[in-house]
Amino acid sequence: MQIIGEKINGTRKRVAQAIKERDAAFIQNLAIKQAEAGSAWLDANAGTHPDSEPEDLIWLVETIQAVTDVPLCLDSANPQALAAAIAVVNKTPMINSISGEPQRLEGILPLVAEHGCPVIALAMDDKSIPETVEKRMEVVRKIMAATRAAGVPDDHVYLDPLAMTLATNINSALITLDTMRSILQEFPAVHLTMGLSNISFGLPARSYINRAFLTLALQAGLDSAIIDPLDRELRAALVAAELVLGRDNYCLNYTRAYRAGLFGK
Ligand code: THG
């Protein structure tokens, strides 16, 4: 399981303030903590206005890189911001994200191909997320045709099947899980990823729902996720589910994570 640490995200109030005030220490603390907790990638989302996003994202990248070697997951829909950030990274970044939207494919896919980046692809076209598995698969096929045409290998593509909240559609999780299985059946070499917490938006005690969903998504083939790596209960659910699914030879990850104090007493 590759963890993409979610905490450096300008849609969070405290992070937005740190970006505005150029408070490097605050961002660097989040970077170090998430790196120490075993993140494979650190998401970097400036969440600012498109005009200032390129300079804000460059600042974020340089600030994070000053304290960790963990590669970045550049989280933006803005090709200018992504291009600006790619120019200053030390390690090949993951790009988050493309989608079936023609504008995003045209603006971002050439950057992905040119720099050999892994890329997250959202299973949606315009602003709305298709309601059925078959409609999401149509978008997935369109995206895969585009990434293949651009020369991006399938194993650089991280498909995000997207989860809508259960509060408005009780079948939302089932649709997402079935989409994951269909994706792997048709495109066995791709990775799957997801921002988990949408599933519980608007509901109380969200962490229980997020953990149940993570467990089921792992069985459906999820092999990376955008999560808070410092959430001890979520980490416990993650390593325990992988152990139960036979994905942890000699139970090494589970026992090591426990000994490292990532969960438990
Ligand atoms: N897919 C892809 N990228 C994504 C998402 C996705 N990037 C952004 C987001 N969704 C995932 N990242 C975050 C980052 C922080 C939080 C949630 C998702 C977060 N949420 C707090 C909560 O849920 O309680 C509230 C905010 C806060 O702490 O201030 O922290 O789906 N490809």
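In this report, we go over the structure that sits alongside the text. (Residues numbered from 1 in each chain as written. Predicted model: local features only at pLDDT ≥ 70, side-chain atom pairs only at ≥ 80, totals over all residues. Heavy atoms only, no water.)

**Structural notes on the nonpolar core**
Move 1: Residues Leu60, Leu74, Ile95, Leu159 and Leu222 are the most contacted members of the largest nonpolar core, which totals 66 residues.
Move 2: Ranked by size, the runner-up nonpolar core spans 11 residues in total, among them Trp41, Cys73, Ile120 and Leu122. (Core = buried A, V, L, I, M, F, W, Y, C linked by side-chain atoms within 4.5 Å. Buried < 20%, exposed > 50% of the residue type's maximum accessible area, 1.4 Å probe, protein only.)

**Notes on the site of the ligand**
Move 1: The environment of the ligand is formed by Glu6, Asn9, Arg12, Asp75, Asn96, Ile120, Leu122, Asp160, Gly195, Ser197, Arg206 and Ile226.
Move 2: In this structure, Asp160 approaches the ligand through a side-chain N or O atom, which is 2.7 Å from a nitrogen atom.
Move 3: Contact with the protein chains removes 65% of the 660 Å² of surface that the ligand exposes when unbound.
Move 4: Because more than half of its atoms lie within 2 Å of the grid, the ligand is assigned to the largest pocket.
Move 5: Classifying every residue of the shell around the ligand by side-chain character gives three nonpolar, four polar and five charged. (Near = heavy atom within 4 Å. Polar contact = N/O pair within 3.5 Å; in protein donor to acceptor, adjacent residues only side chain to side chain. Areas by Shrake-Rupley, 256 points an atom, 1.4 Å probe, with all protein chains shown as cover. 1 Å grid on protein atoms, 1.4 Å probe; cavity = no way out; pocket = protein on both sides within 12 Å on 5 of 7 lines; lining within 4 Å. Sits in = over half its atoms within 2 Å of the grid points. Nonpolar A, V, L, I, M, F, W, Y, C, P; charged D, E, K, R; others polar.)

**Points about the environment of Ala225**
Move 1: Following the sequence through the fold, Ala225 ends up in strand E8 (residues 224-227).
Move 2: For Ala225, a relative accessible area of 0% gives the class buried.
Move 3: Along the sequence, Ala225 and Leu196 sit 29 residues apart, while their C-alpha atoms lie 7.2 Å from each other.
Move 4: Setting aside its immediate chain neighbours within four residues, Ala225 contacts Met1, Gln2, Ile3, Ile4, Thr193 and Met194. (Helix = DSSP H or I, 4+ residues; strand = E, 2+ residues; numbered from the N terminus. Contact = heavy atoms within 4.5 Å.)

So, to be careful, I would describe these as geometric facts and stop short of saying anything about function.
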